[in-house]
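Next come the chains, spelled out residue by residue.
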Amino acid sequence: MFGSKLYGMPKLPKDERKYASQLVKLWAALLDFARSGLAWSLFVEDDVVVQFPRLPSVNFVLANVRPLGILYVSSYSPIGFDMVSCGVHPRLSWVLGGGRPTALMAGVANIIPRASARQMLTSVPIEASGTDEAFTSLGRNSTPIDGYIVKPYPFTAGAYGGELFSCGFD
């Protein structure tokens, strides 16, 4: 199931194998979700911070946008600093239109419909080097999954730049 990015090479560089466990867990969770019969699921990293006042934007998109695709609802920056303007944007048209220099989206939290989970599960071998890449493009040589960017981001990372964000307890 897993391609040479995870297994099959005699010795992978450290930066190539550090996310292997994360990807195996992600694919196991996607398989459980695809079998569950649920319409969509929220996938989060272990350091996610929920921005509760921003959650209504997710409800609006879930109720009003079709076809859904993956909802990219997170940022690594605690304040959501990036080149994406506030609103709901079709991800591929935003990226291809020059709105973002890279197509990579944060993997801190993503809302995935079952059809997108199935697409991810059938896109093997896995060539992604982490969940960000897995949710964004299924690897360097595969078809991007479309979806929507929802900003302001209702989920942000608790660890940014390798350090925990400041809580003001200094």
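Our subject is the structure listed above.
In this text the structure is predicted, and so the values were computed from the model without any measurement.

Analysis parameters
- Residues numbered from 1 in each chain as written.
- Predicted model: local features only at pLDDT ≥ 70, side-chain atom pairs only at ≥ 80, totals over all residues.
- Heavy atoms only, no water.
- Pairing = 2+ DSSP bridges.
- Helix = DSSP H or I, 4+ residues; strand = E, 2+ residues; numbered from the N terminus.
- Axes fitted to C-alpha atoms, helices over the stretch in contact; angles between N-to-C directions.
- Parallel < 35°, antiparallel > 145°, perpendicular 65-115°, else oblique.
- Left-handed = near helix turned anticlockwise from the far one by under 90°.
- Contact = heavy atoms within 4.5 Å.

Chemist: Looking at this structure, how should I read the sheet that holds strand β8 (residues 155–157)?
Modeler: The strands making up a sheet are joined through hydrogen bonds of the backbone, oriented either antiparallel or parallel. Taken together, 3 strands build an open sheet; the order of strands is β2-β8-β4 and the sheet is mixed. With one partner strand each, in any of the chains shown, β2 (48–50) and β4 (74–75) form the two edges of the open sheet. Pairing of β4 with β8 involves 2 bridges; the strand directions are parallel. Note on β8: the bridge partner recorded for Ser 74 is Phe 155.

Chemist: Before we go on, may I ask you to explain the packing of helix α2 (residues 20–36) against helix α5 (residues 114–122) in this structure?
Modeler: Relative to each other, α2 and α5 sit at 135°, their axes nearing to 9 Å. Between α2 and α5, the crossing angle belongs to the class labelled oblique. Once α2 is placed against α5, the crossing between them reads as left-handed. Two secondary-structure elements touch here, α2 through Leu 26, Trp 27, Leu 30, Leu 31, Phe 33 and Ala 34 and α5 through Arg 114, Ala 117, Arg 118, Met 120 and Leu 121.

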